[in-house]
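# Coordinates in review
Single-letter residue listing:
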Amino acid sequence: MHARTTTAAALAVLALTLTACSSDDTSTTDKPQAAPASPTPSKSSAFLRPTPEQEKTLIAALTAIDPNLTVKESRAISRSVGVCDDIRKGKDEATVVKNAAFRYDGGTASVDEAKAAKIVQAIKDTYCKA
């Protein structure tokens, strides 16, 4: 009987401890509290992907800018998703263009900021609205 009472008491103490740990009362803790999250755009935070029809239009637009951008179409689409995410997060145009240049440059394509600006515009025109 003594073991059963000890176990019950230990469980009761554990329950009280867990309840106290989950309390919203922050006045008794020395831990710094996390800052509130920064405001998020009212739009969904999920990455926006083009529909299959939009993908065709985007690939055509990117190919018109530079055929080397679309040697691997799936990679070109994936990169456009990152660019669109920057646009939807409200990043300034210069940052969006700079990030697009970084994303698309390399492999068979050489992308400077002038070409990146055209890429950003193609992404906006085909599926990504701010």
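Computed from a predicted model, the values in this text were never measured in an experiment.

### A look at the packing of helix H2 (residues 52-65) against helix H5 (residues 113-126)
- Closest axis-to-axis distance for the H2/H5 pair is 9 Å, and the angle between their directions is 160°. In terms of their interaxial angle, H2 and H5 are classed as roughly antiparallel. When you trace H2 past H5, the crossing you get is right-handed. When H2 is examined against H5, the residues Gln-54, Thr-57, Leu-58, Ala-61, Leu-62 and Ile-65 are found in contact with a partner set consisting of Lys-115, Lys-118, Ile-119, Ala-122, Ile-123 and Thr-126.
- Class assignment for the residues of the contact of H2 with H5 results in seven nonpolar, three polar and two charged.

### Brief notes about the environment of Arg-49
- Here Arg-49 shows up in the loop between helix H1 (2-21) and H2.
- Taking the C-alpha atoms as reference points, Arg-49 and Gly-82, 33 residues apart in sequence, are found 9.4 Å from one another.
- Among residues more than four places away in sequence, those in contact with Arg-49 are Gln-54, Glu-55, Ile-77, Val-81 and Tyr-127.

### Thoughts on the environment of Val-97
- Its place among the elements puts Val-97 in helix H4 (residues 93-104).
- With relative accessibility at 8%, the residue Val-97 sits in the buried group.
- When the C-alpha positions of Val-97 and Ala-116 are compared, they lie 5.5 Å apart, and in sequence the two are 19 residues distant.
- Once residues within four sequence positions are removed from consideration, Val-97 is found in contact with Glu-113, Ala-116, Ala-117 and Val-120.

### Considering the packing of helix H3 (residues 73-88) against H5
- Contact geometry for H3 and H5: axes closest at 10 Å, N-to-C directions at 80°. Classified by the interaxial angle, the pair formed by H3 and H5 is roughly perpendicular. Taking contact as the criterion, the partners of Ser-80, Val-83, Cys-84 and Ile-87 in H3 are, on H5, Val-120, Ile-123 and Lys-124.
- Residue composition of the contact of H3 with H5, grouped by class: five nonpolar, one polar and one charged.

### What about the state of the cysteines?
- This model, assessed by the stated rule, comprises one disulfide.
- Between the sulfur atoms of Cys-84 and its disulfide partner Cys-128 the distance amounts to 2.0 Å. Because the sign of the S-S torsion sets the handedness, a value of about 90° for the bond joining Cys-84 and Cys-128 places this disulfide among the right-handed ones. Residue Cys-84 is found in helix H3, and its partner Cys-128 is found in the segment after H5; the two are separated by 44 residues along the sequence. This pair shows no difference in class: Cys-84 is buried, exactly as Cys-128 is.

### With respect to the pattern of salt bridges
- All told, the structure shown has five salt bridges when counted by the stated rule.
- Arg-103 is paired through a salt bridge with Asp-86; the nearest N and O atoms lie 2.9 Å apart. Of the two residues, Arg-103 is situated in helix H4 and Asp-86 in helix H3; the sequence distance between them amounts to 17 residues.
- On the basis of relative accessibility, which here comes to 26%, the residue Arg-103 falls in the partly exposed class.
- Note on Asp-86: relative accessible area 3%, which makes it buried.
- A single salt-bridge network, built from bridges that share partners, covers Asp-86, Lys-91 and Arg-103.

Rules and cut-offs
- Residues numbered from 1 in each chain as written.
- Predicted model: local features only at pLDDT ≥ 70, side-chain atom pairs only at ≥ 80, totals over all residues.
- Heavy atoms only, no water.
- Axes fitted to C-alpha atoms, helices over the stretch in contact; angles between N-to-C directions.
- Helix = DSSP H or I, 4+ residues; strand = E, 2+ residues; numbered from the N terminus.
- Parallel < 35°, antiparallel > 145°, perpendicular 65-115°, else oblique.
- Left-handed = near helix turned anticlockwise from the far one by under 90°.
- Contact = heavy atoms within 4.5 Å.
- Nonpolar A, V, L, I, M, F, W, Y, C, P; charged D, E, K, R; others polar.
- Buried < 20%, exposed > 50% of the residue type's maximum accessible area, 1.4 Å probe, protein only.
- Disulfide = S-S within 2.5 Å.
- Salt bridge = Lys/Arg side-chain N within 4 Å of Asp/Glu carboxyl O.

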